[in-house]
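# Inside the fold
Below are the chains, spelled out letter by letter.
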Amino acid sequence: AGAPGDARTAAAEDKLARAVLANADKLFAAGQWDEAVALANQALVYVPRSADLLTKLDQLEAGRKQAMQEAEQKQVADAKAAIDKLLADESLDRAWRASVRQKMGDVLAFGDPADPWVKDAGTKLAEKLVARAGEMREQERLAEGANLLADAERYAPDAPGLAAERSALKEATDAFEREQEEQARLARIDGLKQTFESQARAGDVANAAKALDNLKKEMGGTPDAYVTDEAPKLLSSAYLKLATQQAGRKDFAAALRFAKACAELQPQRQDCKLAVRDYTVDGNKQELAKLLKRPDFDVAEALAKVSEVQILDPGEFSKSEGEWVQDIAARLEALKQSAGTGANDVIKQAKDVFPGNQVLAAIEPVKLAAPTSKYAGEIRKAMDKALLSSAKDLILKASKEEGENPEIVTLKGAYNAKVKQVKDIVGRFDAKFAEGKAGVAQWQSDRNDASKDKASGVLVAARGELDSAFAIWSDNAALKQRKLALDQELARLAGGPAPLEPPPPPTNPCEPKLAGHGKRKAGTCFYFVAPREPGPYLVVVPAGDAFSKPFAVGKFEVTVADFNRYCKLGGKCTPIAGQEGVLPVTGISLAQAQEYVKWLSERTGQSFRLPTSQEWTYAAQAAGDQPKKDYNCRVEQAGQLLKGQGTMGVNTGKANGWGLYNYVGNAQEWVLDGSAIEARGGAFEDAFSKCDISLEKAHDGNADRATGFRVVMDLGG
């Protein structure tokens, strides 16, 4: 029952295939390659087993490919022919340049860029364009010349004459712009002259004076008779006219101001000088009547006006002296309170202007009090804290800047007394130490308990003397060396390890002046924990937000090398083995981290601790100066872990604007707020998308592989 149906189906499929083959051939012959291929593909959906269709599809696709290649070759050949024709055309207008761009684009898109024709044609085109650009330059059509050179550079950047023409065009453009600017300046000058003249003739002297000032600026020092002669003469005449008008209205103060302006502008004008003389007495009297009513008037200004009246009209001076003196005397007494000795010069000036006046003669000058030293408070504070070395430096600085200031002389005496006291104590210590040291040598020789007890007693007594000296002078380097020697002798008696040698003074201490410069090498600071053994590298964070003064913070996370140095020197832990020293230290507890910062403070004499959450956030944000995100956090792709396999060196990645590295990712970092413990910034095992300054996690303080820390150090002062 199935066979006849199968035969009919096969016949139908064969008929469909033949029809498709015929139509596909027609389409292909008509150049409709894509449509022919699409028709064959569509037919295969219905007759997928047709071998003829499959063969035809291969033929169609091969034919389409060949036809496209032939079409592209023809397009390139046509474009080349068009370019050759355009090379013979001398128009070089916008349409010509557009056609060249299009045809050269076709050659480069469908042809071989290495074809020698491309370079040869490009050079010829560029030479034509350069030549035309030169013509445009000579016609001062500079923008067109620039466009032509841009096209020339597109086709042959090294074309002959291109660089020279570009230079010539730039020179011509610069000259043109200078000429335009000069024309504009001359136009502004003409405009200012017209404005000035109209304002001066209208009596608008304030605006006329401004216009003249602007005119002088525009001239730029260029000699100009109008500016030096004509304009001042015109403006001074306007001032004199206004002075005369104001005098007619009995406003002698205004008349005097205009007359002085006239004389100042043209000192050689006799009429201006006479006007000043005529209006000075009455004008100053009017000015003084207003000036002396102000509670904070300038005494020197008032005295200058009084002096002019005294010289020009002694009679008017005598009439007004009593009234003027009362106001001036009251002002001088107020100045004595506010200005102190600064009032003495003007008191003397007042007595000179009013010689023999009893009211002013009774005003005593302010006596100079003993100067207060700006260093005295710091020196006392240093001495109270037994920091005599710091006090000495301050005394030397104060003596250099303030001379024999009485406060400093007194403090210097107190300092010298303390130094003498320490020297006396050191003398007693040295004697006891020498005796004790000899006793230790005796005990080491005879191993007699009596010798040991005697040596121990003497050395303990020596320690008492040394403690007394430290109570007076705690920052004395020589005392610290004596303490080390004493501890070494006591250690020999006890049979224990010798104490550590004190660390040397810092070569790069943390100071406020370094704030914000941590990205620079010179902005990094540190302190030694032992000779040739540095502690963590630090940067200084500027004051800001909730922080009134700068503080230091670890440039990097505390490293394995830092922690191992503590274990080795402090003897309180076992160094971590099998890890690179540059990695952040992890796998220790919060208690161990706190022991480390305590030891760091003891060894350096500085105040180290773990940061608070607010300090950590402020230092990490660096006022928004953040590097490109390149954190050591977990990155996966297609099931493969690309990043975040473990911790990396603390100096990898980029620093923020204040010099901190790896505050996000790598090892998450402990912060403390009272009893609250958090880990900030995320770790290598956190997803990259979550790693951020804002990421915070509660933490129990136990050791884990992802948590480390960086230190904070408080700056003194």
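Before reading further, recall that the structure is shown in the block above.
Read on for an overview of the structure. The structure presented is a predicted model; accordingly, all values stated were derived computationally and were not measured.

The rules behind each value
- Residues numbered from 1 in each chain as written.
- Predicted model: local features only at pLDDT ≥ 70, side-chain atom pairs only at ≥ 80, totals over all residues.
- Heavy atoms only, no water.
- Pairing = 2+ DSSP bridges.
- Helix = DSSP H or I, 4+ residues; strand = E, 2+ residues; numbered from the N terminus.
- Contact = heavy atoms within 4.5 Å.
- Axes fitted to C-alpha atoms, helices over the stretch in contact; angles between N-to-C directions.
- Disulfide = S-S within 2.5 Å.
- Buried < 20%, exposed > 50% of the residue type's maximum accessible area, 1.4 Å probe, protein only.
- Phe/Tyr/Trp six-rings, centres within 6.5 Å; stacked < 30°, edge-to-face > 60°.
- Lys NZ or Arg CZ within 6 Å of the ring centre and 35° of its normal.
- Core = buried A, V, L, I, M, F, W, Y, C linked by side-chain atoms within 4.5 Å.

With that settled, the discussion passes to the sheet that holds strand β10 (residues 676-680). An order of β11-β10-β9-β12 is seen for the 4 strands of this open sheet, with the pairing classed as mixed. Looking at which strands have only one partner, the edges of the open sheet turn out to be β11 (696-698) and β12 (707-708). Direction of pairing for β10 relative to β11: antiparallel, over a ladder of 3 bridges. Considered in β11, the bridge of Glu-678 is made with Ala-698. Lying over the sheet, helix α23 (residues 613-621) contacts β9 (668-673) and β10, oriented at roughly 135° with respect to β9.

What follows is about the state of the cysteines. Tallied over the full model, the rule gives 4 disulfides. Disulfide pairing places Cys-262 opposite Cys-272 at an S-S distance of 1.7 Å. Separated by 10 residues along the polypeptide, Cys-262 in helix α10 (residues 252-265) and Cys-272 in helix α11 (residues 270-291) bring together distant segments of the chain. Here Cys-262 and Cys-272 have matching classes, each one buried. Between the sulfur atoms of Cys-633 and its disulfide partner Cys-691 the distance amounts to 2.0 Å. Looking down the S-S bond of the Cys-633 and Cys-691 bridge, the torsion is -110°, so its handedness is left-handed. Taken as a pair, Cys-633 in the loop between α23 and β7 (635-637) and Cys-691 in the loop between β10 and β11 lie far apart in primary sequence, 58 residues in all. As far as burial versus exposure is concerned, Cys-633 and Cys-691 are alike and both buried.

Glancing now at the sheet that holds strand β1 (residues 524-525). One open sheet holds the 5 strands; their spatial order is β1-β4-β5-β13-β6, and the pairing between them is antiparallel. Edge positions in the sheet fall to β1 and β6 (607-609), since each has one partner strand and no second. Two elements, β1 and strand β4 (residues 538-541), share 2 bridges in a ladder whose sense is antiparallel. Pairing of Thr-524 across the sheet is with Val-539, part of β4.

Let us now look at unusual backbone geometry. Phi at Lys-250 is positive, roughly 70°, even though this residue is not glycine. As for its position among the elements, Lys-250 is in the loop between α9 (225-248) and α10. Even without being a glycine, Asn-666 presents a positive backbone phi close to 65°. Mapped onto the elements, Asn-666 comes out in the loop between β8 (640-643) and β9. Given the relative accessible area of 0%, Asn-666 is considered buried.

Here the focus is the pairing of β4. Burial of the side chains of β4 extends over both faces: Leu-538 and Val-540 are buried on one face and Val-539 and Val-541 on the other. Two elements, β4 and strand β5 (residues 551-554), share 4 bridges in a ladder whose sense is antiparallel. Of the residues in β5, the one forming a bridge with Val-541 is Phe-551.

A few words on the packing of aromatic side chains. For the structure on display, the rule yields 19 aromatic pairs. When the centroid spacing of 5.3 Å and the interplanar angle of 55° are considered together, the rings of Phe-547 and Phe-551 count as tilted. Judged on exposure class, the residue Phe-547 and its partner Phe-551 are both buried. Cluster of aromatic residues (ring-pair linked, three or more members): Phe-563, Tyr-566, Tyr-596, Trp-599, Trp-670 and Phe-709. The ring of Trp-443 carries Arg-447 above its face, with NZ or CZ at 4.1 Å from the centroid.

Within the secondary structure, Leu-387 sits in the loop between α16 (376-384) and α17 (388-402). In this structure the C-alpha to C-alpha distance between Leu-387 and Thr-574, which are 187 residues apart in sequence, comes to 36 Å. Ignoring anything within four residues of it in the chain, the contact list for Leu-387 reads Ala-382, Ser-474 and Asp-475.

So, about the nonpolar core. The biggest cluster of nonpolar side chains holds 34 residues, and the ones touching the most others in it are Cys-510, Leu-538, Phe-563, Tyr-596, Phe-709, Val-711 and Met-713. Only β2 (528-530), β4, α21 (560-570), α22 (590-604) and β9 provide two or more residues apiece to this core. Per-element tally for this core: the top contributor is α22, with 6 residues. With near-sequence residues (within four places) excluded, Leu-538 lies in contact with Cys-510, Gly-523, Thr-524, Cys-525, Tyr-527, Ala-552, Val-553, Gly-554, Lys-555, Phe-608, Val-711 and Met-713. In terms of nonpolar packing, the next biggest core, distinct from the first, is built from 33 residues, Ile-379, Tyr-415, Phe-433 and Phe-470 among them.

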